[in-house]
Amino acid sequence: MSTENEGSGTEGAGTEGQQVPPSVPPAPSVPPAPVDPARGGPQQSAPAGDWPPPPPQGAPSPYAEPPATPAYAGGGSYAPPGGGPAWGASYQQPAPAKGRRGGLVAAVLAAALIAGGVGGGIGYWAARDGDGNSGSTTVSASDTPTSVKREAGSVAGVAAKALPSVVTIDAQGGDGEGGTGTGFVYDKQGHILTNNHVVASAADGGKLSATFSNGKKYVAEVVGRAEGYDVAVLKLRNSDGPAPLPLGNSDKVAVGDSTIAIGAPFGLSNTVTTGIISAKNRPVASSDGGNSKSSYMSALQTDASINPGNSGGPLLDSGGAVIGINSAIQSAGNGMGGSGQAGSVGLGFAIPINQAKNVAEQLIKTGKPVYPVIGASVSLEDNRMGATISDEGPGGSAAVSPNGPAAKAGLKSGDVITKLDDTIIDSGPTLIGEIWTHKPGDTVKITYERGGKTETVDVTLGDRVGDD
């Protein structure tokens with residue numbers, strides 16, 4: 001399932017091992033667009049040791065381990081404490097492409113160009129008719145240089161250097177469903193880093209291709225993907241592509257820092273937008289509202305314009321280093337005029353590159369993701385008080401896994417986790433997002449409340465391999 005632009009399913013990815021000529025990208029569908037969660041609904045639960053967990057049966061769901069897909073209202077996502085818009089972004093499955101849609105888009109563009117030309121012609125004729133002077137009234141700037149040079153640190157300079165290493169990804173599933181997204185060259189071996197939801201529709205028996213800004217198009221293969229992290233790594237066939245983009249340090253990013261986003265919004269490849277870091281450590285839970293697993297992140301929030309098709313593209317700092325992977329947006333509605341696709345309202349979310357790098361290295365090494373866990377089931381309910389360890393897991397299983405990290409630290413059912421290290425935990429989604437910023441084997445301090453008393457314990461995180 002891809003959450004990006006719809007494809008007709010008629011265009012292949014090219015002959016294996018060969019470049020294929022560039023083509024017109026398919027029309028876009030809706031990307032991650034968050035909605036408000038259900039309030040006051042029954043708690044959900046999932047086994048502390050299973051991934052993915054079985055469908056919830058009215059009991060709480062596991063956190064600290066790869067969790068179940070939360071049953072947010074309308075297939076939406078987690079909303080932050082204090083009300084307001086949900087911070088998660090729900091991926092919406094694209095409807096089957098219609099054959100005339102691409103033609104409609106082209107017709108609209110052509111009409112706009114014709115109208116522009118006609119308007120210009122009429123304006124020029126009117127000016128001549130009303131003025132007997134045929135000479136030009138413009139003023140030339142004599143000191144204008146013959147060629148404009150831009151500083152390497154300018155937005156134009158950063159974009160010019162980064163664009164050759166960014167690709168537009170076309171994913172086509174075996175059933176004809178598909179879409180487009182973005183990715184970028186990750187390392188000197190030519191691996192491409194992107195979102196899992198960009199390539200999911202073509203991951204099993206479908207076709208993938210990647211097109212560089214110079215028009216060269218290559219067949220791509222999935223090296224590994226992590227549904228929980230929403231990260232995927234691709235490899236291009238017979239490509240000695242451009243140099244990888246330099247990776248920054250997302251831990252050092254500050255609110256107010258400048259950002260540059262590159263992607264293919266609504267199929268418009270090689271689009272550059274700018275903004276700032278609006279917030280850090282924003283808890284985001286997202287899914288497509290269907291049967292897919294949820295992804296969780298402690299995201300970088302930016303007001304750089306991010307739209308359908310930007311998913312998987314790089315979020316750069318002012319020096320051109322990658323600080324995040326653009327992954328989700330908050331939408332004010334269902335698009336212009338109350339229908340159609342969601343668009344940017346200045347609330348975009350990116351996976352911090354430090355976390356994405358850890359995931360990518362594991363996928364390149366083994367092909368499977370590794371998730372840090374504490375071995376406990378916690379409530380998904382947004383009580384704004386913390387993450388509560390469930391009374392029992394699904395099917396009557398233990399909420400705290402015997403001999404697991406939480407059990408060894410003395411945590412019990414009913415404990416309310418309120419902090420992880422120095423980060424305040426206000427819900428289950430926040431807890432898992434923070435746990436997943438760590439690696440298995442890391443030791444974290446967990447603060448919890450039990451019987452009106454506050455305690456702090458050290459927990460050494462365990463691990464779980466794979467999404468199955």
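A brief look at the structure comes next. Nothing here was measured: the structure is a model prediction, and the numbers come from that model. (Residues numbered from 1 in each chain as written. Predicted model: local features only at pLDDT ≥ 70, side-chain atom pairs only at ≥ 80, totals over all residues. Heavy atoms only, no water.)

Focus on the overall build of the protein chain
If you tally the helices and strands in the protein chain, you get six helices and 21 strands. Taking the contacts inside the protein chain whose residues are at least 6 apart along the sequence as the reference set, 70% of them involve residues at least 24 apart. When the accessible surface of the protein chain is summed, it comes to about 20600 Å², and 52% of that surface belongs to carbon and sulfur atoms. (Helix = DSSP H or I, 4+ residues; strand = E, 2+ residues; numbered from the N terminus. Contact = heavy atoms within 4.5 Å. Areas by Shrake-Rupley, 256 points an atom, 1.4 Å probe, with all protein chains shown as cover.)

What about the side chain of Thr430?
Mapped onto the elements of the fold, Thr430 is located in helix H6 (residues 428–435). Its relative accessible area of 6% is what places Thr430 among the buried residues. Here Ser427 takes part through its side chain, which lies 3.2 Å from a polar atom of the side chain of Thr430. (Buried < 20%, exposed > 50% of the residue type's maximum accessible area, 1.4 Å probe, protein only. Polar contact = N/O pair within 3.5 Å; in protein donor to acceptor, adjacent residues only side chain to side chain.)

Some details on helix H4 (residues 353–366)
Between its terminal C-alpha atoms H4 stretches 20 Å, which fits the 20 Å expected from 14 residues at 1.5 Å a residue. Close packing links the buried residues of H4 with strand E3 (178–185), strand E4 (191–194), strand E6 (217–226), strand E7 (231–236), strand E12 (322–329) and strand E13 (348–352). In the stretch just after H4, Gly367 is the one whose phi turns positive, near 80°. (Expected span 1.5 Å × (residues − 1).)

As for the nonpolar core
Of all hydrophobic cores here, the largest spans 55 residues; its most connected members are Phe184, Leu193, Leu316, Ile374, Ile417, Leu431 and Val459. Membership of the second largest hydrophobic core comes to 16 residues, among which are Val198, Ala210, Phe212 and Ala220. (Core = buried A, V, L, I, M, F, W, Y, C linked by side-chain atoms within 4.5 Å.)

Some details on the pairing of strand E5 (residues 207–212)
For E5, a buried count of five out of six residues is recorded, marking the element as mostly surrounded by other parts of the structure. As paired elements, strand E2 (residues 166–172) and E5 share six bridges and run antiparallel to each other. From the neighbouring strand, Asp170 faces E5, where its bridge partner is Ser209. In this sheet, E6 lies alongside E5 in antiparallel orientation, the contact comprising four bridges. Looking at E6, one finds that Ser209 is bridged to Val219. Between E5 and E6, which pair antiparallel one after the other, the connecting turn spans four residues, and Gly215 there sits at a positive phi close to 95°. (Pairing = 2+ DSSP bridges.)

Quick word on the pattern of salt bridges
Two side chains of opposite charge can pair, provided their charged atoms sit close to one another. Applying the stated criterion across every chain yields a total of four salt bridges. When the shortest N-O distance is used, the salt bridge between Asp204 and Arg225 registers 3.9 Å. In this pair, Asp204 sits in the loop between helix H3 (196–199) and E5 while Arg225 sits in strand E6, placing the two residues 21 residues apart along the sequence. Accessibility expressed as a relative area gives 67% for Asp204, which makes it exposed. (Salt bridge = Lys/Arg side-chain N within 4 Å of Asp/Glu carboxyl O.)

As for the sheet that holds E7
Ordered in space as E2-E3-E4-E7-E6-E5, the six strands form a closed barrel in which the pairing is antiparallel. Ignoring which end each strand starts from, the neighbouring axes of this sheet average 40° apart. Across two bridges, E3 lies against E4 in antiparallel orientation. The residue of E4 that forms the bridge with Phe184 is Leu193. (Axes fitted to C-alpha atoms, helices over the stretch in contact; angles between N-to-C directions.)

Thoughts on unusual backbone geometry
The phi torsion at Asn403 lies on the positive side, around 65°, for a residue other than glycine. Relative to the assigned elements, Asn403 resides in the loop between strand E16 (387–388) and helix H5 (405–408). For Asn403, a relative accessible area of 65% puts it in the exposed group. In the Ramachandran plot, Asp421 falls in the positive-phi region, its phi being about 55° despite a non-glycine side chain. As for its position among the elements, Asp421 is in the loop between strand E17 (416–420) and strand E18 (423–424).

Things to note about the environment of Asp251
Along the chain, Asp251 turns up in the loop between E7 and strand E8 (258–263). The exposure class assigned to Asp251 is exposed, which follows from its relative accessible area of 59%. Between the alpha carbons of Asp251 and Lys280 there is a distance of 9.3 Å; along the sequence they are 29 residues apart. Reaching out from Asp251, the side chain makes a polar contact with the side chain of Asn354 at a distance of 3.1 Å.

Some remarks on helix H2 (residues 155–162)
Residues of H2 that are buried: Gly157, Val158, Ala159 and Ala162. Elements that come into contact with the buried residues of H2 comprise E2, E8, strand E9 (271–286) and strand E11 (314–316).

Some remarks on the sheet that holds E9
Around the barrel, which closes on itself, the six strands sit in the order E8-E9-E10-E13-E12-E11 with antiparallel pairing between neighbours. When strand polarity is set aside, the average angle formed by the axes of neighbouring strands in this sheet is 50°. Where strand E10 (residues 295–302) meets E13, three bridges bridge the pair, whose relative direction is antiparallel. In the sheet register, Leu300 faces E13, and the bridge partner there is Ala350. Together, E8, E9 and E11 form the strand contacts of H2, whose direction differs from that of E8 by roughly 40°.

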